[in-house]
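Chain and residue survey
Given next are the chains, with one letter for each unit.
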Protein chains: 2
Amino acid sequence: MEIMVNELDERKVVILKAIIKNYLETGEPVGSRTISKLSGLNLSSATIRNEMSDLVEMGYIVQPHTSAGRVPTDKGYRFYVDSIIQENDRRMSEATSLMVQRVDKLEMLLKQMVRFLASDTNYAALISGPSTSTTKMKYLQLSVPAPGQILMILVLEGNVIKNEVLEAIEEIDYDTAMQVTVMLNNHLSGLSLREITPKIITDIMVQAGKQQGNVKLVLDAVTELLEHGETNRDIFTSGAKNIFRYPELSDVDKAADLISAFEEKDRLNELVNEVTSLTVADGAGASGSGIQVYIGGEGPVKNLRDCSLITAHYELGDGMKGVIGVIGPKRMDYEKVMQTLQNMKDQLDNARFTADDN
Amino acid sequence: MEIMVNELDERKVVILKAIIKNYLETGEPVGSRTISKLSGLNLSSATIRNEMSDLVEMGYIVQPHTSAGRVPTDKGYRFYVDSIIQENDRRMSEATSLMVQRVDKLEMLLKQMVRFLASDTNYAALISGPSTSTTKMKYLQLSVPAPGQILMILVLEGNVIKNEVLEAIEEIDYDTAMQVTVMLNNHLSGLSLREITPKIITDIMVQAGKQQGNVKLVLDAVTELLEHGETNRDIFTSGAKNIFRYPELSDVDKAADLISAFEEKDRLNELVNEVTSLTVADGAGASGSGIQVYIGGEGPVKNLRDCSLITAHYELGDGMKGVIGVIGPKRMDYEKVMQTLQNMKDQLDNARFTADDN
DNA sequence: GTTAGCACTCAACTCATTTGATTGCTAACG
DNA sequence: CGTTAGCAATCAAATGAGTTGAGTGCTAAC
């Protein structure tokens, strides 16, 4: 990226930014005369035209048709976003602490966040629940709701609760279930799925005694539950209807596509997973800020034509990592969304749960 | 309703049905010539015109403007739907058993159902989880995940699991929690919220001894959880994007409205509650079939302009009652949807859970 | 390197016209 | 008296010619 800095002289940069900024506001192709008036450069429209024609050649902007103004290309957007990121890194984020600090139920917090995000930005917003494979297990409880059945309850950090009813392998009575519960907690409490070593497993199995079958069943279920939760996180969304605010997305096909992505959470899950797997250092111009911007067909949003995606990773502490993001038209207010998202990220990173205060 | 039967002579009935049927297919106003050809009555368009003009006077159809064809009014739809219901009652439903009979997890079943319903009908579909106040409690388990905290797990019929972490009133240790658990199960297991009498409560409180505060806490939480679940059921949806198939709904305002109703489940919950509270005998022409049809502004859908709602109540046994429904344009294929819904209802009414088979 | 000037382009708008589906009415028919 | 053919009247929607206006590219002069 550094090599490219010199491709554009200062004046071209000013003009390009002015074009994109204006386009973000109006959604209409931008003409030379507009820029001549708004850029602050005191140049005539003719001169601007010459520069614009250069910018077209370099691929930063295009003309929808001969006698129309110019519209940014993906390359243009990319440039714009990258330059915003650089500026923001300089003047650090002054996170205004505007939201609740202590929340009992994680789910509440996330719903609250995503709703705020959508209504603040007027785009569609989503937030994923925390990664289940890196979150620590607080407590595991087995129980016998009916003969031959084992009820397994798994409490994770942040009081996220997972549970499942299993069909027992060996006969198991209430007291035995309690003994096994204590034994399992001794080994597993405080660990995340990733921290369970083979040694721990063997230790557990040795102590399982006659209940080996059931213990294996439970361990498998725990693993399955957490692994499955990894590719199948809870996802909360808000503001899907904001799609209709933007004419370029409200054409029937695209809108239907977006809406169904928001309804069936599967595709959002894929998206979150892809975003997670791309390292922070990666293409999306994250730098130190931890905000990623995917424009147009880039990366995870290649199926969402004419959309851009802005995401942030949050970490609530104790390995509870998740993703929060905004989906909008390519012509979105990148600057504002990035700021809001940075704010949210800071909020979440500093959130503490009342239940943890003991 | 019986009085009205004679308002329309046989020929008018045939013509009216033909008009509505054609309108359902095409979505375009229907002209006299079309009916003259399609009705099978061998009448000229002029005669049809005379009859149509009568039907307009009687309020079954209207003209969007002079020189346009005719379009059914809500009264027209109502007539059409009622006559379908009568015919169907006669030739009983021959429920083709096309779906799974045994499903472990209720949530899976419901998701499966709603997805099928949406893709089969091409409308938007929704299904509510079972009523929590009439579902029986199978098993209640208390536990102490951390000092000063009580983890309450409530297993309902169908292995629906609810849970909550409470802040303890009195000190409570693991063994005490177990004792209380056994005591509570003795009293509550097998009952639904509605079946808990004051006597049961007093009996429990007497036996609570030193743990009175915590027991009260737990009982309140159970009540709160189940009552809250009543107005706040799980709702699964599918096929929201089908809205775009129908031009009359895909105008921006209406679509945005519908979409946000489907995203934020609150309004669907209200809808389900309203549907539930209207008795089966009520206005929506249910008769014996247990299918309700709400046309246009009728009842629960008064906010969803130009939409109709068709619902069925299901009962999985042991008080697990819920609602399944389809939302589409007024011009929807009532006949088909009602049949599909009847089928689903039958499936659900007969579904049995493997976990119950012991 | 910058600018004024001008011919040219083309989507978008306007407005009159045409088209075609459909009605209501009337007079004739059986 | 119900039915029908015929016809003028209506009106949304499609068509198309003409106008507008934003914007460009090019050239010649500053």
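Numbering of residues starts from 1 in each chain and follows the order in which that chain's sequence is written. Here chains are named by letter from A upward and ligands by number from 1 upward, in the order in which they appear as written. Since the coordinates come from a predicted model, pLDDT governs what is reported: local features require at least 70, and pairs of side-chain atoms require 80 or more to be given and counted, while whole-chain, interface and lining totals use all residues. Think of the side-chain values as coming from all heavy atoms in the structure, minus any hydrogens and water.

**Looking at helix H11 (residues 334-350) of chain A**
Helix numbers and strand numbers start at the N terminus; a helix is a DSSP run of H or I with at least 4 residues, a strand a run of E with at least 2. In this analysis, the expected span of each helix is defined as 1.5 Å times one less than the number of residues it contains. Here H11(A) spans 24 Å end to end across 17 residues, near enough to the 24 Å set by a 1.5 Å rise per residue. Three or more residues of H11(A) are buried, namely Tyr334(A), Val337(A), Met338(A), Thr340(A), Leu341(A), Gln342(A), Met344(A), Lys345(A), Asp346(A), Gln347(A) and Leu348(A). Between buried and exposed lies partly exposed: a residue is buried under 20% and exposed over 50% of the maximum accessible area for its type, with that area taken using a 1.4 Å probe on protein chains only.

**Focus: the protein's contact with DNA strand D**
Throughout, the term near means that a residue has one or more heavy atoms lying within 4 Å of the molecule or strand in question. Of all residues adjacent to DNA strand D, which total 22 residues, the nearest are Ser32(A), Arg70(A), Arg11(B), Thr47(B) and Ser67(B). With respect to DNA strand D, the backbone of Ser44(B) contributes an N or O atom lying 3.3 Å from a phosphate oxygen. Contact distances for DNA strand D include 2.6 Å between a phosphate oxygen and a side-chain N or O atom of Thr47(B). Listed by contribution, the elements that provide at least two residues to the surface near DNA strand D are helix H3 (45-58) of chain A together with helix H3 (45-58) of chain B. Take the surface near DNA strand D: its biggest share by element is four residues, from H3(B). Under the rule applied, a polar contact is a pair of N or O atoms within 3.5 Å (in protein, one hydrogen donor and one hydrogen acceptor; residues adjacent in sequence only if both atoms are side-chain atoms).

**Digging into the packing of aromatic side chains**
Stacked, tilted and edge-to-face pairs are distinguished by plane angle, under 30 degrees for stacked and over 60 for edge-to-face with tilted covering the rest, among Phe, Tyr and Trp rings (Trp via its six-membered ring) whose centres lie within 6.5 Å. Scanning the model with the defined rule gives seven aromatic pairs over all chains in all. For the pair Tyr123(A) and Tyr246(A), a centre-to-centre distance of 5.3 Å together with 25 degrees between the ring planes defines the contact as stacked. Taken as a pair, Tyr123(A) in the loop between helix H5 (106-121) and strand S3 (124-128) and Tyr246(A) in the loop between strand S7 (235-238) and helix H9 (252-263) lie far apart in primary sequence, 123 residues in all. Classification of Tyr246(A) as buried rests on a relative accessible area of 12%. Charge-over-ring placement is defined geometrically: NZ (Lys) or CZ (Arg) within 6 Å of the ring centre, and within 35 degrees of the ring normal. One Lys or Arg, Lys75(B), reaches over the ring of Tyr60(B) and ends 4.5 Å from the middle of that ring.

**Topic: the interface of chain B and chain A**
For an interface, size is often stated in terms of accessible area lost upon the parts coming together. Each partner contributes residues to the interface: chain B has 36 residues there, and chain A has 38 residues. A combined buried area of about 3100 Å² lies between chain B and chain A, and 56% of that area is made up of carbon and sulfur atoms. In the sections that follow, a salt bridge refers to a side-chain nitrogen of Lys or Arg positioned within 4 Å of a carboxyl oxygen of Asp or Glu. Linking Arg115(B) and Glu264(A) is a salt bridge whose minimum nitrogen-to-oxygen distance equals 3.7 Å. On inspection of chain B and its partner chain A, the count reaches 12 residue pairs in polar contact (both at pLDDT 80 or more). Within the residue set of the side of chain B that touches chain A, elements represented by two or more residues are strand S4 (137-143), strand S5 (149-156), strand S6 (160-167), helix H6 (174-188), strand S7 (235-238) and helix H9 (252-263) of chain B. Among the elements that make up the side of chain B that touches chain A, the one with the highest residue count is H9(B) (seven residues). In the side of chain B that touches chain A, the residues fall into 19 nonpolar, 11 polar and six charged. Contacts are residue-level and defined by heavy atoms, with any inter-residue pair within 4.5 Å sufficient. Joining two parts hides part of their accessible area as seen by a 1.4 Å probe, and the buried area is that hidden amount summed over both. Gly is put with the polar residues, along with every residue not named as nonpolar or charged; the nonpolar set is Ala, Val, Leu, Ile, Met, Phe, Trp, Tyr, Cys and Pro, and the charged set is Asp, Glu, Lys and Arg.

**A look at the protein's contact with DNA strand C**
Neighbouring DNA strand C are 20 residues; Arg11(A), Thr47(A), Ser67(A), Ser32(B) and Arg49(B) lie closest to it. The share of sugar and phosphate among atoms of DNA strand C within 4 Å of the protein is 75%. Here a phosphate oxygen of DNA strand C and a side-chain polar atom of Arg11(A) are 2.7 Å apart. Ser32(B) places a polar side-chain atom, nitrogen or oxygen, 2.4 Å from a phosphate oxygen of DNA strand C. Counting residues per element, the ones that place at least two in the surface near DNA strand C are H3 of chain A together with H3 of chain B. Per-element accounting of the surface near DNA strand C gives the leading share, four residues, to H3(A). Among the residues forming the surface near DNA strand C, the class breakdown is four nonpolar, 12 polar and four charged.

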